[in-house]
Amino acid sequence: QNQDRPDHMTEEDTTYAKAYTNPFTLTQEDVDEGKRLYNIQCGICHGTNLDGNGPLYASGKFAAMPANLKGEKYLAMSEGTIYHAIKFGKNAMGSYASQLSSKERWKVIAYIKQVQSENGGSPFTMLSKSETTETAAAPIAKDSTTTEPK
């Protein structure tokens with residue numbers, strides 16, 4: 001069984017968290033799984049559009065709006081800072097460490113970063129190299145010695 005490696009991050013490690021990066025090789029399928037997990041675990045508050053307007057907030061149950069993950073502050077937020085917030089919670093948001101494994105957190109973050117890249121954020125770079133390098137097929141050259149029947 002593929003086990004997550006411990007990250008040894010503590011709640012006080014906010015400076016370390018800013019520089020912390022994804023230790024896993026992720027594929028587009030992982031990002032798609034991240035979307036599914038986001039919608040289950042995060043969308044209820046942050047909204048399926050990542051705009052902070054999820055159904056729980058819209059119902060009037062919160063005094064403050066959850067983070068708009070497409071907002072300027074969050075577009076520039078490091079992936080490690082987002083990881084830290086998921087693992088330990090932030091402000092009114094509780095920890096999701098028991099709901100999401102380390103790798104699942106990175107899948108969710110990859111999904112968030114992909115959506116952010118499409119909405120003014122930095123280019124999306126969390127996929128494995130083989131996923132991001134497109135290999136164009138070489139054009140089929142016509143054989144110059146072949147003659148067509150007349």
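Here's a quick rundown of the structure. Because the structure is a prediction, the values reported are computed rather than measured.

Quick look at the nonpolar core
Okay, step 1: Ranked by size, the top nonpolar core spans 29 residues in total, and within it Tyr38 and Val108 carry the most contacts.
Okay, step 2: Those elements that place two or more of their residues in this core are helix H2 (28-41), helix H6 (79-88) and helix H7 (102-117).
Okay, step 3: Among the elements that make up this core, the one with the highest residue count is H7 (7 residues).

Some thoughts on H2
Okay, step 1: Here H2 spans 20 Å end to end across 14 residues, near enough to the 20 Å set by a 1.5 Å rise per residue.
Okay, step 2: Every buried residue belonging to H2 is among Asp30, Val31, Gly34, Leu37 and Tyr38, and all of these are buried. Take H2 and look down its axis: the buried residues cluster within an arc of 115°, on one side only.
Okay, step 3: Each element contacted by the buried residues of H2 is listed here: helix H3 (43-46) and H7.

Analysis parameters
Residues numbered from 1 in each chain as written. Predicted model: local features only at pLDDT ≥ 70, side-chain atom pairs only at ≥ 80, totals over all residues. Heavy atoms only, no water. Core = buried A, V, L, I, M, F, W, Y, C linked by side-chain atoms within 4.5 Å. Buried < 20%, exposed > 50% of the residue type's maximum accessible area, 1.4 Å probe, protein only. Helix = DSSP H or I, 4+ residues; strand = E, 2+ residues; numbered from the N terminus. Expected span 1.5 Å × (residues − 1). Arc of directions from axis to C-beta. Contact = heavy atoms within 4.5 Å.

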